[in-house]
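So the chains spell out like this:
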Amino acid sequence: MTKEKAPKGIKGWAQGRSLWMLHFCTGCGAIEMPPTMTSRYDMERFGITPMATPRQADLLLITGYLTVKTLKRVVRSYEQMPDPKYVIGFGSCTVNGGMYWDSYNTIKRLDLYIPVDLYIAGCMPRPEAIIDSFTELIKGIKEGRFDGWIRYRENIEFYKRNQAMVMDIRKWSLDTELAERIWNEVQEERKKRFERATVPHVYELAERIPEGLPK
Amino acid sequence: MSLEKEQKVVELVKASFEDAEAEVQRERRVKVWVKPNRVFPLVAYLKGHGFNHFVAISAVDWIKDGEIELVYHLWSYSEKVHVMIKTRIPRDNGSMPTLKPLFNQAETYERDIHEFFGVYFEGNEKLDREFILEDWDGPPPMRKDFDTRLFSAEFYDQEDLESEALRLKIQPYKGHLRK
Amino acid sequence: MNAIGIQIGWIIFMPILVIIMGLLYLGAARKITARVHNRYGPPIYQNIIDVIKLFSKKRATNHGVMFSLGPIMAFSGLLISLMFIPIGNRALLSFNGDIIVLLYLLVIAPLGMALGVGEGANPMGTIGIARALTLMLGYEVVLIISALSVMLYTGSASFMKIIEAQSGGVGHWFLWPLFLSALAMDMALQGVLGEKPFDQPIAPHEIASGPMVEFGGKYLGLLQLYHAIAIVVETGIMVNLFLGGGTLFWWFVKSFTVFFIALLINAVMPRFRIGQAFKFFWTYPAAISLLGLILVAILK
């Protein structure tokens, strides 16, 4: 079997010039989308339109922090999108957790859970930055540089294992057999981590000021 | 600035509840401290006197005292006064009677506090149902002895996975970095 | 021999022409709406790119046989209806009564969609189809009464006869003597085209694009083509009945003008609830079209 490749030529061109975006706004980044869509910055001139359902979409925008609860829905939506599909991580929260670096319920690095093609750093990125990333995405798709969905399919075990560490993947995966198997595999590790993580500890006032970067 | 209407509310509380401590915090704010078993009658009493907007229930974890403070917020549209009824219950196995017979919306706030602080509300039938936290089997996360930083580091840092990702070359596209 | 050759060439050429024109209509619609919203808008050929992209998608979810047959049925139903509608004064099949056949054929497409959506078993799709059929019940009455007044006026139920009766310049168009019927039909056309305020079946913000909710990839591409043909056919009914047909160029100019009016209304209107839309169709347009029919009956 030959290795699947990203579309090039006229297919790639059409793919890039007609990106339909899944309107899945998770965090505060959603507020940057209306100016990008409407008359001030108008992203429809690149052929990018918001779509209502994952079945019709090519581009998944993760606009901001992802709680575990939202991650479940994002994974499900991502798996329902038809190939080829692209993901843009939007804002600092998707890069390293941003201001939610010590939250008990928010993931830090998005590309451990689903393959990310582009990150836009910033808190929040301006619409200019969003338009810039869109033009880069269009250029890259035309040249066949973005292949997130192929990475996801080839390393499905890696991604599923990461997802299983933080959420119950059995309910939220399309491939239920694989999800069941990996879920059973990680149970032991999960339990160990859980025991380590839930040791009662009360912070003193002096301790509350973090020194340097979080561990 | 006169605080007449606030004083009136304080007197109203003291007239029927001698064991309650009430004071005016500032304009349009009245604080009342009562024993846990007196909360229900006090709310019912205030409801009968025009305090018909039940705003919320909030909770504070006083870990050194071993107590959880519950704050019931009531608002009167006619008087324009906000009454905070504060009560303290023990941290371990503490329970409160539900306010559902008085205000239906109390049910939701009680479920919220049950999930995040582990307080049990007697008579609330929906308490055992999942509310906000999905598939959560750890300790209540808003308690002060829950180490959220440790939990986050254990579950979401995943440094070993990051090195694994490097080995598998699972990296986002980097060509866009400005020279 | 030569005539048959032209006929065969037309059979092959006409659907392609209609599809390309329909896609350009849709592209122009997006551009015009964008200009009304004070935006720059996508290029006019954007919908052609969309269709190429949708057909080049690698995978599309399939829920069963009927799910893939539904869009095909809708698409082919419209292709058949192309045989009956004269485009540029040239109809493939013309006989007395083809207007009625066309109005029946227009119903096939939503039914095909309904079958496909039923297999998809998505509640949003079901709601969308229910709304589409309810809306159809609303506008179909107006459409048929308006068409009836034209048939009564000419004494014929054939598109070609009606176009012939209107030949001889702008002054001979039925738009002038049958103004009330034309007005009612234009109102109904807003619903037929599914433009606001009658876009309840699609309604992306409430029911996630309704019937199309489960369709992706090539199925959605087929539905885009279906939509492109549908716009040309539906505006074409108005052009043939009231605006006097015309040569190929003028036919498309007139048809786009009809679409353009619908677009301008679309760009500035919010959406009715389905009940309000239904009530609207059965009050004002229905009353106007009935009045038009009575006037024709008296004057004739």
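First, a word on scope: everything that follows refers to the structure included in this document. Since this is a predicted model, take the numbers as computed values, not measurements. (Residues numbered from 1 in each chain as written. Chains lettered and ligands numbered in written order. Predicted model: local features only at pLDDT ≥ 70, side-chain atom pairs only at ≥ 80, totals over all residues. Heavy atoms only, no water.)

1. Digging into the packing of helix α1 (residues 9–17) of chain A against helix α5 (residues 127–143) of chain A
All names here are of chain A.
For step 1, the next point in the chain: As a packed pair, α1 and α5 sit with axes 7 Å apart at the nearest point and diverge in direction by 165°. One element, α1, and the other, α5, form an angle in the roughly antiparallel class. Judged by the sense of rotation from one axis to the other, the crossing of α1 with α5 is right-handed. Where α1 abuts α5, its residues Gly-9, Gly-12, Trp-13, Gln-15, Gly-16 and Arg-17 lie against Ile-138, Ile-141 and Lys-142.
For step 2, the next point in the chain: Across the contact of α1 with α5, the residue classes break down as three nonpolar, four polar and two charged. (Axes fitted to C-alpha atoms, helices over the stretch in contact; angles between N-to-C directions. Helix = DSSP H or I, 4+ residues; strand = E, 2+ residues; numbered from the N terminus. Parallel < 35°, antiparallel > 145°, perpendicular 65-115°, else oblique. Left-handed = near helix turned anticlockwise from the far one by under 90°. Contact = heavy atoms within 4.5 Å. Nonpolar A, V, L, I, M, F, W, Y, C, P; charged D, E, K, R; others polar.)

2. Notes on the interface of chain B and chain A
For step 1, the next point in the chain: The interface is formed by 42 residues belonging to chain B together with 48 residues belonging to chain A.
For step 2, the next point in the chain: Interface area for chain B against chain A, summed over the two sides, is near 4,100 Å², with a carbon-plus-sulfur share of 53%.
For step 3, the next point in the chain: Our count for the chain B to chain A interface comes out at five salt bridges.
For step 4, the next point in the chain: Here B:Glu154 ties to A:Arg196 by a salt bridge, and the two come within 3.0 Å at their closest N and O atoms.
For step 5, the next point in the chain: Inspection of the chain B/chain A interface yields twelve residue pairs in polar contact (both at pLDDT 80 or more).
For step 6, the next point in the chain: Sorting the residues of the side of chain B that touches chain A by element identifies α4 (148–157) and α5 (159–167) of chain B as the ones contributing at least two each.
For step 7, the next point in the chain: For the side of chain B that touches chain A, the element with the highest residue contribution is α4(B), accounting for ten residues. (Buried area = accessible area lost by both parts, 1.4 Å probe. Salt bridge = Lys/Arg side-chain N within 4 Å of Asp/Glu carboxyl O. Polar contact = N/O pair within 3.5 Å; in protein donor to acceptor, adjacent residues only side chain to side chain.)

3. As for the interface of chain A and chain C
Accessible area lost when the parts come together is the quantity often used to give the size of an interface.
For step 1, the next point in the chain: Listed by partner, the interface residues are 30 residues for chain A and 31 residues for chain C.
For step 2, the next point in the chain: Buried area between chain A and chain C, both sides added, is near 2,400 Å², and the carbon and sulfur share of it is 52%.
For step 3, the next point in the chain: On inspection of chain A and its partner chain C, the count reaches six salt bridges.
For step 4, the next point in the chain: Ionic pairing is found between A:Glu44 and C:Arg30, a salt bridge with its closest N-O pair at 3.0 Å.

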